[in-house]
Amino acid sequence: MSNNERAVGRVSSSFRKASDTLRDRPRLRLAAIVGIPVAFLAFFFIGPLLVMLWFSFQSGMPPAPTTLDNYIQIISSDLYFGIIWRTTVITVQTTLLATVLGYTLAYSIVRFSRRATLLLVLIILPFWTNYIIRMYAWINILQSGGVLDTIMMATPLYSEPLSLLYSQTAVLIGFTYIWLPLGTLPFYASLTNMDTDLIDAAKDLGAGPLKAFATVTLPMTMNGIVVGIILVAIPTFGSFITPALLGGTDNVMIGMTIESQFMEAFNWPFGAALSVIVSFMVVVALLVALLSGTDLFDKPEESQ
Amino acid sequence: MSIVSIQDVRKEFGDIVAVSDASFDIKDGEFVSILGPSGSGKSTILRMIAGFETPTSGAIAIDGDDVVGVPPFNRNVNMVFQSLALFPHLTVAENIAYGLKQQGVGKEERSERIDEMLSVVHLEGYNDRMPDELSGGEQQRVALARAIVNEPKIVLFDEPLASLDRKLRQHMQRELQRIQAETGITFLYVTHDQEVALAVSDRMILLRDGEIEQIGTAEQLYDSPVSKFVADFIGDANDVEAQVVDSQGDTFTIDVGGDHVTVPSSVAQRPDALSIDGSVDVSFRPDLLSVTNEKPENGQLTIGGTVINRIYKGDEMTFVIETELGEITVHDEGAFDIGDDVAVAVAPESVNVFEKATPATHVE
């Protein structure tokens, strides 16, 4: 037996010993399986969050005395409340647009198309191009005298340029474009998982197409809808590149404010406090969505 | 009075003819099966009656009204789907209430009729259960209750019992018959399983490649099949080839493997189509044959062979006998062993004679 084979034999026998040990100890087995991902999350995710939390109570770059000033400043100022409110409005509008469009798109692909795979690839394809490059393409399209204006003014409908760039509309267009795949795929998944016999059954029992959609398809795909809303709403809420490039100075969102606190004002404690507030809001919204989501899924209609 | 009337209905999907020129009537209160191998067009006929498919040509009338072009939600028929298609997000009571709600039946009447239905299908007290908490048989009952609570003109079944095990399926067959007798609603049941069709239905419509091969009661189809296909599909049959050698008017003589036997012309569905010296298919039922090692009676057809298998069936045996005409299956009593040389005796009046079968022309 060569050295190599002996080494392999040793390794495999110690493997066997380890697996025998683990088989009799379910807790140890669980720890061995989830230990590595938990450690990873603790070090790279929970750790930085705690650092940020700690930073948000500092009065300046550490070492500095602990203070609540950062939070007091945010809460007492109309400026930050205004920015968070605007961010919320844009997030709700984006989520609404992306989920309604995404659901419609997913529905037509699942129900009416024979080339589902091709269409899905086309939807995902833009992801392969850099985000920033795609945003610059939108600048080109939306700017005064840009592609959109040129096309629209060639029609008899418009004589003035639309000049959409640096408006809330531009931000919404950008977000909807960017997040549409995220708003389509969960709906696609839940629609393909749904047995189409259920729709036939609803019609057979006397429900017209709209009634069948509202009473069967919609409640059956509610889980996918909640997932789609979460996937679109959370990145929109924290986003800073799209509003910075397409929104100009009038459409500042909270992500841009946080970024400038860290990168321009170098007021890390204040940026950290803003981040903590944003994270808190997202976690609360997520919990509400998950709770209402499971609720909707379990009893979508009052029992009678 | 006929509750469903199908006239020359044809359905094409692209180049494929799923149903060609089918015509039949179903009487009020009848229990009819549409029977056929998979791909024979039986589900398509059902879906055309339900309104999910529109015939390419022909007429469909339900209770005298032409329904071609009427969408499913405006037809007074209900379907029990193969997958059952119970709404998984609704309780048993809500599932049954679904059709009543669409009709605008009030809440109190709804709950009365739901309870009444649950007692018809023997599921009292199941109102608030969810479909995934029920067994397969219970789900079948809910699906049936959801259909008949609407008091439709006809309930259509798309092989809903196929997924059940044999014992439960036989139990549900008897339940279907009981519920049909209790409610008096017309049932149209589609299946590929001749056992189910023979067990439950008053009449059967046998389909082959989109065409109706034969319509009749179980006895008619079993005793007087119009073709080799029907003989093979309904019950078991042994098939051999033969030649017509002579015709005497009300009898004719055929040559089966060298033996001549004279059979009454009534054993052929279309005696006129048989020509002298023409090839014919002869089929005989395993339970009308006997195994013997004695000298056969005069006039009987005997085919010599060797027992190659014997299966114990309780009250009788199934013998498989290797003959020069092929393997022949016989249900009979007797103490024959594998390897014994025996003869299969066939009574002339128990055979069925068909003109040579035309092969299937189109395949789905």
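None of these values were measured; they are calculated from a predicted model. (Residues numbered from 1 in each chain as written. Chains lettered and ligands numbered in written order. Predicted model: local features only at pLDDT ≥ 70, side-chain atom pairs only at ≥ 80, totals over all residues. Heavy atoms only, no water.)

## Structural notes on the interface of chain A and chain B
Move 1: Across the boundary between the two partners, chain A contributes 25 residues, which contact 25 residues of chain B.
Move 2: Both faces considered, chain A and chain B share a buried interface measuring about 2200 Å² in area, 58% of it formed by carbon and sulfur atoms.
Move 3: Across the contact surface, chain A and chain B share 1 salt bridge.
Move 4: The salt bridge partner of Arg-47 of chain B is Asp-200 of chain A, with a shortest N-O separation of 3.3 Å.
Move 5: Inspection of the region where chain A meets chain B yields 9 residue pairs in polar contact (both at pLDDT 80 or more).
Move 6: Elements supplying a minimum of two residues to the side of chain A that touches chain B: helix 9 (197–204) and helix 10 (209–220) of chain A.
Move 7: When the residues that make up the side of chain A that touches chain B are grouped by side-chain class, the tally is 11 nonpolar, 5 polar and 9 charged. (Contact = heavy atoms within 4.5 Å. Buried area = accessible area lost by both parts, 1.4 Å probe. Salt bridge = Lys/Arg side-chain N within 4 Å of Asp/Glu carboxyl O. Polar contact = N/O pair within 3.5 Å; in protein donor to acceptor, adjacent residues only side chain to side chain. Helix = DSSP H or I, 4+ residues; strand = E, 2+ residues; numbered from the N terminus. Nonpolar A, V, L, I, M, F, W, Y, C, P; charged D, E, K, R; others polar.)

## As for unusual backbone geometry
Move 1: Here Phe-266 of chain A, not a glycine, exhibits a phi torsion of approximately 50°, which is positive.
Move 2: Although it is not a glycine, His-122 of chain B sits at a positive phi angle of roughly 60°.
Move 3: The topology assignment puts His-122 of chain B in the loop between helix 3 (107–120) and helix 4 (136–148).
Move 4: Look at His-122 of chain B and you get partly exposed, because its relative accessible area is 45%. (Buried < 20%, exposed > 50% of the residue type's maximum accessible area, 1.4 Å probe, protein only.)

## Looking at the layout of surface pockets
Residue and element names in this part refer to chain A.
Move 1: Of the volumes computed, that of the largest pocket is approximately 630 Å³.
Move 2: Forming the walls of the largest pocket are 25 residues, and the residues nearest its centre are Thr-91, Val-92, Thr-95, Ile-229 and Ala-233.
Move 3: Of all elements in the fold, only helix 4 (78–112), helix 10, helix 11 (222–238) and helix 14 (268–298) reach the threshold of two or more residues within the lining of the largest pocket.
Move 4: Tallied by class, residues from the lining of the largest pocket come to 20 nonpolar, 5 polar and no charged. (1 Å grid on protein atoms, 1.4 Å probe; cavity = no way out; pocket = protein on both sides within 12 Å on 5 of 7 lines; lining within 4 Å. Points joined across faces, edges and corners; volume = space filled by probe spheres on them.)

## As for the packing of aromatic side chains
Residue and element names in this part refer to chain A.
Move 1: Applying the stated criterion across every chain, the model contains 19 aromatic pairs over all chains.
Move 2: Where Phe-40 meets Phe-44, the ring centres are 4.9 Å apart and the plane angle is 45°; that geometry is what we call tilted. Placement of both Phe-40 and Phe-44 in helix 2 (residues 26–56) is noted, with a separation of 4 residues, approximately one turn of the helix.
Move 3: For Phe-44, a relative accessible area of 52% gives the class exposed.
Move 4: Consider the rings of Trp-138 and Tyr-177, whose centres lie 5.4 Å apart with planes at 65°: the pair is edge-to-face. Of this pair, Trp-138 sits in helix 6 (residues 131–142) while Tyr-177 sits in helix 8 (residues 168–192), placing them 39 residues apart in sequence.
Move 5: On the basis of relative accessibility, which here comes to 18%, the residue Trp-138 falls in the buried class. (Phe/Tyr/Trp six-rings, centres within 6.5 Å; stacked < 30°, edge-to-face > 60°.)

## Observations concerning the sheet that holds strand 16 (residues 301–312) of chain B
Residues and elements named next belong to chain B.
Move 1: The strand order across the open sheet built from 5 strands is 15-19-16-17-18, with neighbouring strands paired in antiparallel fashion. Among the strands making up the open sheet, the edge pair consists of strand 15 (289–292) and strand 18 (326–332). Each neighbouring strand pair of the sheet contributes to a mean axis angle of 45°, computed without reference to strand direction. (Pairing = 2+ DSSP bridges. Axes fitted to C-alpha atoms, helices over the stretch in contact; angles between N-to-C directions.)

## Observations regarding the domain arrangement of chain B
Residue and element names in this part refer to chain B.
Move 1: The domain architecture assigned to chain B consists of domain 1 (2–228) and domain 2 (236–355).
Move 2: Put simply, the middle of domain 1 and the middle of domain 2, counted by C-alpha atoms, are 39 Å apart.
Move 3: Each side of the interface is counted separately: domain 1 has 8 residues, and domain 2 has 7 residues.
Move 4: For the domain 1 and domain 2 pair, buried surface summed over both sides reaches about 740 Å², with 50% attributable to carbon and sulfur atoms.
Move 5: The largest per-residue losses of area from domain 1 upon contact with domain 2 belong to Tyr-222, Pro-225 and Lys-228, which jointly make up 72% of the total buried on that side.
Move 6: For the interface between domain 1 and domain 2, the tally reads 0 salt bridges.
Move 7: For the side of domain 1 that touches domain 2, the leading source of residues is helix 7 (residues 218–223), giving 3 residues. (Domains from an automatic or database assignment.)

## Re the packing of helix 4 of chain A against helix 13 (residues 254–263) of chain A
A pair of packed helices is captured by two measures, namely the crossing angle of their axes and the spacing between those axes.
Residues and elements named next belong to chain A.
Move 1: Close contact between helix 4 and helix 13 brings their axes to 8 Å; oriented N to C, the two are set at 135°. Put simply, helix 4 runs oblique to helix 13. Of helix 13, the residues touching helix 4 (which contributes Tyr-80, Ile-83, Ile-84 and Thr-87) are Ile-254, Thr-257 and Gln-261.
Move 2: Grouping the amino acids of the contact of helix 4 with helix 13 by side-chain chemistry returns 4 nonpolar, 3 polar and no charged. (Parallel < 35°, antiparallel > 145°, perpendicular 65-115°, else oblique.)

## Structural notes on the side chain of Asn-238 of chain B
Residues and elements named next belong to chain B.
Move 1: Summarising the element assignment, Asn-238 is placed in strand 11 (residues 238–247).
Move 2: A polar contact of 2.8 Å, which involves the side chain of Asn-238, links it to the backbone nitrogen of Thr-329.
Move 3: Non-local contacts of Asn-238, meaning those with residues more than four positions away in its chain, are made with Val-282, Ser-283, Phe-284, Arg-285, Pro-286, Leu-289, Glu-327, Ile-328 and Thr-329.

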